[in-house]
Amino acid sequence: DAGVIQSPRHEVTEMGQEVTLRCKPISGHNSLFWYRQTMMRGLELLIYFNNNVPIDDSGMPEDRFSAKMPNASFSTLKIQPSEPRDSAVYFCASSVDRGQNYGYTFGSGTRLTVV
Amino acid sequence: DQQVKQNSPSLSVQEGRISILNCDYTNSMFDYFLWYKKYPAEGPTFLISISSIKDKNEDGRFTVFLNKSAKHLSLHIVPSQPGDSAVYFCAAMGGSQGNLIFGKGTKLSVKP
């Protein structure tokens, strides 16, 4: 298994532009999570899906952020319009159900820089 | 408010000695605790977990201890190796939290 695959690895964009981050979870995992890592706030959950349905999006900063999971093998996180304060590393992770015994499997992350 | 706290941002240990990483939590409803390890430019990787019904779980050089009354857990690495140098995250789940809540991490440096 190739693990959780995220693309792109790096993204540099200008303020105001739309940014789309992509994630392919591990086959057979039914939960998918989007986390954001910053120096100030550490790893914070943005949204998570179970069986392709959004369960908790209370971590999504504001309406500029949206996430979709059209099927079990693909999810996107979109920021429109992007702002410099959105600069961070965005991680996607997947698990079987709660993931309490074996945790979540994380992708390598997308480093987003908004200038 | 931080539900999971790692109060030491960094720790330096000599190779062969014990590394002890600490974590405190505030939510008594948490029922699973996990440790993750993260190398630069990579995602966090799962290391070891413990259920709230246990007070110790061991896996090779790694042991996690849970003290529910103190709402404290620790990760012991014995013996420490230079390859253990990474950022270690403590995480917890349970109660109304259907997802993992992470601490801010402790950067461990193991010196040869």
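Numbering of residues starts from 1 in each chain and follows the order in which that chain's sequence is written. Chains carry letters from A onward and ligands carry numbers from 1 onward, assigned in written order. The predicted origin of the model limits local features to residues at a pLDDT of at least 70 and limits the giving and counting of side-chain atom pairs to 80 or more, whereas totals for whole chains, interfaces and linings rest on all residues. Just so you know, side-chain values use all the structure's heavy atoms and leave hydrogens and water out.

Notes on the nonpolar core
Part 1 of the reasoning: Residues belong to one nonpolar core when they are buried, are Ala, Val, Leu, Ile, Met, Phe, Trp, Tyr or Cys, and are joined through side-chain atoms within 4.5 Å. Partly exposed residues are those whose accessible area sits between 20% and 50% of the maximum for their type, while under 20% is buried and over 50% is exposed, using a 1.4 Å probe and protein chains only. Residues B:Phe33, B:Trp35, B:Leu73, B:Leu75 and B:Tyr88 are the most contacted members of the largest nonpolar core, which totals 24 residues.
Part 2 of the reasoning: Only DSSP runs of H or I with at least four residues qualify as helices, and only runs of E with at least two residues qualify as strands; both kinds are numbered from the N terminus onward. For this core, the secondary-structure elements that each account for two or more residues are strand E3 (19-25), strand E4 (30-38), strand E5 (45-51), strand E7 (62-67), strand E8 (72-77), strand E9 (86-94) and strand E11 (106-111) of chain B.
Part 3 of the reasoning: For this core, the element with the highest residue contribution is E9(B), accounting for 4 residues.
Part 4 of the reasoning: The contact rule is simple, with two residues in contact once any of their heavy atoms fall within 4.5 Å. Contacts of B:Tyr88, omitting those with residues within four sequence positions, involve B:Gln6, B:Leu21, B:Trp35, B:Tyr36, B:Lys37, B:Leu47, B:Leu75, B:Ile77, B:Gly105, B:Thr106 and B:Leu108.
Part 5 of the reasoning: By size, the runner-up hydrophobic cluster in this structure holds 21 residues, among which are A:Val4, A:Met60, A:Phe65 and A:Leu77.

Re the state of the cysteines
Residue and element names in this part refer to chain B.
Part 1 of the reasoning: Here, the term disulfide refers to a pair of cysteine sulfur atoms separated by no more than 2.5 Å. The final tally for this structure, using the stated rule, is 2 disulfides over all chains.
Part 2 of the reasoning: Here Cys 23 pairs with Cys 90 through a disulfide, and the sulfurs are 2.0 Å apart. The disulfide joining Cys 23 to Cys 90 has a torsion of about -75 degrees about its S-S bond and is therefore left-handed. You can see Cys 23 sitting in strand E3 and its partner Cys 90 sitting in strand E9, a full 67 residues away along the chain.

Considering the environment of B:Tyr88
Residue and element names in this part refer to chain B.
Part 1 of the reasoning: Tracing the backbone through its elements, the reader meets Tyr 88 in strand E9.
Part 2 of the reasoning: On the basis of relative accessibility, which here comes to 0%, the residue Tyr 88 falls in the buried class.
Part 3 of the reasoning: In sequence terms Tyr 88 and Ile 50 are 38 residues apart; their C-alpha atoms lie 16 Å from each other.
Part 4 of the reasoning: A 3.5 Å cut-off defines polar contacts: any pair of N or O atoms within that distance qualifies, except that in protein one atom must be a possible hydrogen donor and the other a possible acceptor, and neighbouring residues in sequence count only when both atoms are side-chain atoms. A distance of 2.6 Å separates the side chain of Tyr 88 from the backbone oxygen of Asp 84, its partner in a polar contact.

Details of the pattern of salt bridges
Residues and elements named next belong to chain A.
Part 1 of the reasoning: Basic side-chain nitrogens of Lys or Arg form a salt bridge, by our definition, when they fall within 4 Å of a carboxyl oxygen of Asp or Glu. Tallied over the full model, the rule gives 10 salt bridges over all chains.
Part 2 of the reasoning: A salt bridge links Glu 18 to Lys 78, with the nearest nitrogen and oxygen atoms 3.8 Å apart. Remark: Lys 78 occurs in strand E8 (residues 74-79) and Glu 18 occurs in the loop between strand E2 (10-13) and strand E3 (19-24); sequence separation between them is 60 residues.
Part 3 of the reasoning: Assessed through its relative accessible area of 30%, Lys 78 is described here as partly exposed.
Part 4 of the reasoning: A salt bridge links Arg 64 to Glu 83, with the shortest nitrogen-to-oxygen separation between them at 3.5 Å. One end of the pair, Arg 64, is in the loop between strand E6 (53-56) and strand E7 (65-71); the other, Glu 83, is in the loop between E8 and strand E9 (88-95), with 19 residues separating them in the sequence.
Part 5 of the reasoning: Residue Arg 64 is classed as buried on the basis of its relative accessible area of 10%.
Part 6 of the reasoning: Note on Glu 83: relative accessible area 23%, which makes it partly exposed.
Part 7 of the reasoning: Because the salt bridges share partners, they merge into one network encompassing Glu 62, Arg 64, Glu 83, Arg 85 and Asp 86.

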